[in-house]
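# Observations on chain architecture
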4 protein chains.
Amino acid sequence: MDRNIQVSRLDRQAVEDQEVEIVERKGIGHPDSICDGVAESVSRALSQLYLDRVGKVLHYNTDETQLVAGRAAPAFGGGEVVEPIYILIVGRATKEYDGEQLPVDSTALAAARDYLSEAIPELEYGTDVVVDVKLGEGSGDLQDVFGEETQEVPMANDTSFGVGHAPLTETETIVHEAERALNTTYHDDHPELGPDVKIMGKREGDRIDITVAAAMVDAYVDGLGEYDDAVESVRGYVDDLAREYTDREVNVDVNTADDYDEGSVYLTVTGTSAEQGDDGSVGRGNRANGLITPNRPMSMEATSGKNPVNHIGKIYNLLSTRVAESVTSEVDGIRDLQVRLLSQIGRPIDEPHVADAQIVTEEGVELGDIEADVLDIVDRELADVTDVTRSVIEGDVSTF
Amino acid sequence: MDRNIQVSRLDRQAVEDQEVEIVERKGIGHPDSICDGVAESVSRALSQLYLDRVGKVLHYNTDETQLVAGRAAPAFGGGEVVEPIYILIVGRATKEYDGEQLPVDSTALAAARDYLSEAIPELEYGTDVVVDVKLGEGSGDLQDVFGEETQEVPMANDTSFGVGHAPLTETETIVHEAERALNTTYHDDHPELGPDVKIMGKREGDRIDITVAAAMVDAYVDGLGEYDDAVESVRGYVDDLAREYTDREVNVDVNTADDYDEGSVYLTVTGTSAEQGDDGSVGRGNRANGLITPNRPMSMEATSGKNPVNHIGKIYNLLSTRVAESVTSEVDGIRDLQVRLLSQIGRPIDEPHVADAQIVTEEGVELGDIEADVLDIVDRELADVTDVTRSVIEGDVSTF
Amino acid sequence: MDRNIQVSRLDRQAVEDQEVEIVERKGIGHPDSICDGVAESVSRALSQLYLDRVGKVLHYNTDETQLVAGRAAPAFGGGEVVEPIYILIVGRATKEYDGEQLPVDSTALAAARDYLSEAIPELEYGTDVVVDVKLGEGSGDLQDVFGEETQEVPMANDTSFGVGHAPLTETETIVHEAERALNTTYHDDHPELGPDVKIMGKREGDRIDITVAAAMVDAYVDGLGEYDDAVESVRGYVDDLAREYTDREVNVDVNTADDYDEGSVYLTVTGTSAEQGDDGSVGRGNRANGLITPNRPMSMEATSGKNPVNHIGKIYNLLSTRVAESVTSEVDGIRDLQVRLLSQIGRPIDEPHVADAQIVTEEGVELGDIEADVLDIVDRELADVTDVTRSVIEGDVSTF
Amino acid sequence: MDRNIQVSRLDRQAVEDQEVEIVERKGIGHPDSICDGVAESVSRALSQLYLDRVGKVLHYNTDETQLVAGRAAPAFGGGEVVEPIYILIVGRATKEYDGEQLPVDSTALAAARDYLSEAIPELEYGTDVVVDVKLGEGSGDLQDVFGEETQEVPMANDTSFGVGHAPLTETETIVHEAERALNTTYHDDHPELGPDVKIMGKREGDRIDITVAAAMVDAYVDGLGEYDDAVESVRGYVDDLAREYTDREVNVDVNTADDYDEGSVYLTVTGTSAEQGDDGSVGRGNRANGLITPNRPMSMEATSGKNPVNHIGKIYNLLSTRVAESVTSEVDGIRDLQVRLLSQIGRPIDEPHVADAQIVTEEGVELGDIEADVLDIVDRELADVTDVTRSVIEGDVSTF
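Residues numbered from 1 in each chain as written. Chains lettered and ligands numbered in written order. Predicted model: local features only at pLDDT ≥ 70, side-chain atom pairs only at ≥ 80, totals over all residues. Heavy atoms only, no water.

## Some details on the interface of chain D and chain A
- The interface of chain D with chain A comprises 59 residues on the first partner and 59 residues on the second.
- The largest per-residue losses of area from chain D upon contact with chain A belong to E64, R284 and M300 of chain D, which jointly make up 17% of the total buried on that side.
- A salt bridge links E64 of chain D to R284 of chain A, with the shortest nitrogen-to-oxygen separation between them at 3.4 Å.
- On inspection of chain D and its partner chain A, the count reaches 22 residue pairs in polar contact (both at pLDDT 80 or more).
- When residues of the side of chain D that touches chain A are traced back to their parent elements, those giving at least two are β2 (20-26), β4 (66-68), β7 (85-93), β12 (193-204), β16 (280-281) and β17 (334-342) of chain D.
- Looking at which element gives the most residues to the side of chain D that touches chain A, the answer is β7 of chain D, with 5 residues.
- Grouping the amino acids of the side of chain D that touches chain A by side-chain chemistry returns 20 nonpolar, 20 polar and 19 charged. (Contact = heavy atoms within 4.5 Å. Buried area = accessible area lost by both parts, 1.4 Å probe. Salt bridge = Lys/Arg side-chain N within 4 Å of Asp/Glu carboxyl O. Polar contact = N/O pair within 3.5 Å; in protein donor to acceptor, adjacent residues only side chain to side chain. Helix = DSSP H or I, 4+ residues; strand = E, 2+ residues; numbered from the N terminus. Nonpolar A, V, L, I, M, F, W, Y, C, P; charged D, E, K, R; others polar.)

Laid out in structure tokens, this is it:
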């Protein structure tokens, strides 16, 4: 067995120390995230369907959901969707096994419905949003079964690349946590905040600017005064949250494109801009770690919707992130860590062609001090690669 | 005012007295009837929307719903839909009025959903059936408003033809009543009977053969024995019902295409053959009086989904039936009555080009004895033409 | 062998002698006819595909084509299609046989393209009209092959009904021939006339009113003057043609809804009203004999797109018309003939349950004089039933 | 005017000098590239339409094309497409201006057809591939016109980020040039090579591995021997080409997943894997410079299909690449250059919030030696920002 693990010095500054840093996160109600979420829900549901019916996951990929925006007429106190959002679930799936027909289309639709009702509760399924499905059969040779027992490590069938980082910078942390908090804790008390929250963080030196675009839900906002209060409440909340993660100067702006004089504000019926003109698709938004980080290497591979048993790009993107997080949580002295995994066609996926951990150490720490520990952890996590598949199927890990 | 009413002798035998008679009714769960029902529900909902929002019915037509069958895997005790039914609502509607956007698409989808959940309750909206909508804007000149007050009689904008008959023959009555009873009273006690009930009646001389094709719902049928009981129960029920309406010889067959040895029976998951290979569309099934009667003149015009304010074909088909029924209920001595209305472009629709009532009198009755009464009733009903529109909008009259 | 042939007196006047007669024909460019034509072309192409590839016609039905109208901006001298017409080919087909995949979808699309380019030449495929296809697999038991050799007479699998008439009345003849002539001979010299020609004939006593709605093609019409000439030219042509078939009083009107003052005329870019707001579907227009004849019994069954090997409704509609035409061309003294065929489930289709020929004889002719001849011809045509299938597959017979 | 231009040292090794480098290019026939190409063609066509009709580019975005793969049955000597590829053009466009309807749907379809027939000539439009279009109207306030004269510099309406690099490394150059040469010069003499050529380059130290996946077109390949020759020919050609750009060790593999014993080779009917199971969408493949370069910062923004007049992400991605190329072509001594542009909402787009040029100089060159020259060039190119828009509309620049 050869895992080809390399530990080396990362030949740049830690992102935390670079002069300019840009980070973005599209919240779960953003049209691209809706597609990611639907695609991944459908994927999980199909994995479960196959496990329930035939005891193993069969070939499928559902990573191409497309959203066509609708039209809405929002109004303070409650407007209406005029033309529904259209979502097309696209992909491949095995529809028959051992003579038994498998309800992949119905399962996909049910998964999409359940996901949407949880993620975008104001969106009425079937009238505000129409979901259709086009799942092809895939090619004959891809239809062979695999993953008889997911404990077996599958072979890499493609040259693919995954990259992960840890720890998050302050700006990355703020952007990520702000969206998560707004869409959970904050939303529980503030139903006027819709799930389409987009957060951009920009740091120049020691000043962090957080820009939030937050879709307000009209039924809970009675007029411009209440709207303004809602915006200010989000601003204050994010400002407070940011200060928990940094001592740098922080500035938060919310809905900067609003023009109160023109009556042009970010008001929606359903809490997502998909209701009015913003299309979306899978893999165009957040990377597997939930962020868009142009300062760091990123993989272009869409993670959401891919088959978690054998899609090497999905597995390596999630695994490299997991490796990076494990290393930095267990080993002290790492200021920035980048883990890259490159697959080798025809070899088990726990034996990558390249597995390198590139490190910026903290001041006073030498790479040699921690190299062996890092190597051990990378080795251990690679050995446990099938646990990534398990976590994905059970919904324990987010892909966007 | 000139209603051009003619009363004359019908130059053939009453259908009741002809040697061979054929009648058919497609029940509400038949794919063609599903389309009729969806189209008419959407039409009613749009009329209501326009009345609520702008005080008058605007231009629309929704008479082109298309159903693409799904795939299902029925099984005794409960199977599943594998591939959803796809329904496309097609038509034209006015989407904007006085600067206000009108939610015609969402309204259409909501109407379809509500109708389907009532008519085909076993069909889960959004997973067993996907409904999409393509409503165009229509041509500029058709977008002018009309029907400011539905009490005003609109002008005929087309040469169109409607025909109605009364009274129903015994065979017609049996076919019609059997489907209605099976899908209401009988179904209340027998959930195993699905709404896709197709009934064909054939009379040769004094023998009436009733053939019923009845979709059984698998969740309520545990095996072939129960299935056979369910079939026999339907047969007995229809046989009893038929005898209430005739003294002729009656023979009833149910699900004649079943082959128990091959295990080939009419078992469904949802109670409609649309789940498995039977497509449907508007205007291909029952005529406006609920029957298909090749022995009688019929209009090819689809009635369901048409705009009830100004679509002359729809109005005349419903009105001619209403006229025929009024005449035969109020005037004795009529064995068969056929009412034809032909519109005259550019004239108010209560002044048809031709309104003729052709009559086969009962033995001993002369046409002259009843002519004046008939003429009065036809005149009265024509004068009340806008009441047809009102009944349609309020859902008081069936169109298929 | 029992053909159950009955010859009897038709208990009504010949349609030619009735006081009021209505006839309609939707030309090949009418939205409903476009659907009929596409559906039948697809059907023929699939029959040919199956014959070429596996030596027999497999199960299919393509009788549910739906057309959603587009939008156009016609203008004298040449306008443009703004939003394409959308055509969805719906049905069932066998997609795999003996392990070989059969290109049914591609074949259907190619057939539709070829048909449209011939029938509506001004319509550019792929930009003015988008054609998509949804052909399901059908149910398992319907997928069994049949028609091993089309010389074998298949069994009736349904109770179905066909009806045919001959000879055509003067009004019927004029309506039918006028559309055919306008769309062939006349069109060759007059490219400004589009294929969407709808003709309604109404006869009251001895006066025949012919109303033509004729879509003009804008590229060939430079202004209102030329348009008016084009309309007058059609009027004159139809007037002349009508007089060849009748000595009755004839009145012809063309495009009566035009309003020159308002600039509202029947001008189109492509020659069909489907470009602007008129939807269409199969089986809603002309019956199998090319006409809509409310004065006569009609079958509701769509003929176009049905499988010609085993769809009993299609076969009996075409066969009954063929029988009626053969009888009246070979036997003198018949003023009106109506042929009805009713199938018997489980019996070969050349042994119908009922095959009756009902006759109105000409003055001086007794039914007894011709009964034997009629019976022989009906018998001969029934024996030759498989020739209907052959003619349909080879495109020798029109279905709408 | 403040362009905020900064020139600084890039705090990492040049990519050329890093130990491991990965580069990928999806050829024009790859499903994702097909979507990029269609989206960008549609965008160009709409820009032209607006310029022709109203003298300025109106609001639109067409960056969401979705491709659903078909099914094919390739065979040596010529197979066939069994189920067509389905492409849905999604986006927003202004459909009416000053009372005139603009044919955006038809224009989009025509652009897609023309692009496909050039890029994937074996793909028959309308039968092998069905293209449909869903272009919404967009929101009211986005429908205001803009770009009255494209010489005026528009305001940034979003915070967006673009990044460009130059010069390309040897590996990047080889990957890019190999695809371009295969799909032009080579293809001219070798029709058996389809446009779906995917090239991955991996460099470890001084060894470059080039892996080519090349779809062969079955009509031009008569058997496995010819296929093998075709593969070897591509290998040799790429090998020769690579050596023109590097002195490092080069290894080229073509179609490594082939298994001759199993008869499993990369044979297609149309030259693209979209014919059989590979879906695609916009923005999932090549970045604006034609490459996927995980070693370098990348923008997630899709460039293809975006409005080139006001979409700041598109403009900045193209402009930053153009700046980087200009600088390195005019200034000596640069080993690696990275240009980042960050927009500032509400400011003209030629006055970015950040415009930094980060440089790795060649040995012996100091940043100070070239700083002024670099600054001048960046300033000049920013001043000429509207030329990017012009180039895009005229099709002079590739976006993928």
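On we go from here.
## Things to note about the UniProt feature "binding site: ATP" (unreviewed entry) in chain A
All names here are of chain A.
- Mapped onto this numbering, the UniProt entry annotates "binding site: ATP" (unreviewed entry) at G136, E137, G138, S139, G140 and D141.
- Among the secondary structure elements, G136 is positioned in strand β10 (residues 129-136).
- Taking relative accessible area as the criterion, G136 reaches 14% and is therefore assigned buried.
- Those residues in contact with G136 that lie beyond four places of it in its chain are G91, R92, A93 and K95.
- Here E137 is to be found in the loop between β10 and β11 (161-166). (UniProt positions renumbered as here; feature names shortened; annotations may be inferred. Buried < 20%, exposed > 50% of the residue type's maximum accessible area, 1.4 Å probe, protein only.)

## Regarding the side chain of T399 of chain B
Residue and element names in this part refer to chain B.
- Mapping T399 onto the fold places it in the segment after α7 (386-394).
- Here S304 takes part through its side chain, which lies 2.9 Å from a polar atom of the side chain of T399.
- In contact with T399, not counting residues within four places along its chain, are E40, R287, A288, T303, S304, K314 and L318.

## Comments concerning the sheet that holds strand β18 (residues 354-361) of chain D
Residues and elements named next belong to chain D.
- Strand order in this open sheet of 4 strands is β1-β18-β17-β11, and the pairing throughout is mixed. What marks the edges here is a single partner per strand, and that holds for β1 (5-9) and β11 (161-166). The average undirected angle you get between the axes of adjacent strands in this sheet is 15 degrees.
- Each of β11 and β17 is contacted by helix α5 (residues 312-330), which is oriented at about 25 degrees to β11, the strand it contacts most.
- Across the sheet, helix α6 (residues 367-383) lies against β1, β17 and β18, angled at about 145 degrees from β1, the strand it touches most. (Pairing = 2+ DSSP bridges. Axes fitted to C-alpha atoms, helices over the stretch in contact; angles between N-to-C directions.)

## What to know about the sheet that holds β11 of chain A
All names here are of chain A.
- Strand order across the open sheet formed by 4 strands is β1-β18-β17-β11, with mixed pairing between neighbours. Edge positions in the sheet fall to β1 (5-9) and β11, since each has one partner strand and no second. Across the sheet, the mean angle separating the axes of adjacent strands is 15 degrees when strand polarity is ignored.
- Where strand β17 (residues 334-342) lies against strand β18 (residues 354-361), 8 bridges are found, and the strand directions are antiparallel. Paired with Q338 across the bridge in β18 is Q358.
- Helix α5 (residues 312-330) rests against β11 and β17 of the sheet, and its axis sits at about 25 degrees to β11.
- Packing against the sheet, helix α6 (residues 367-383) makes contact with β1, β17 and β18, and its axis sits at approximately 145 degrees to β1.

## Digging into the relation of the copies chain D and chain A
- Structural alignment of chain D on chain A gives an RMSD of 0.0 Å, achieved by rotating through 180 degrees and translating 0.1 Å along the axis. Here the transformation between the copies is reduced to the relation of a two-fold axis. No C-alpha of chain D approaches the rotation axis more nearly than that of R12 of chain D, which lies at 2.2 Å.
- A share of 100% of interface residues in chain D that are also interface residues in chain A marks the association as one of identical surfaces. (Least-squares fit on C-alpha atoms with pLDDT ≥ 70 in both.)

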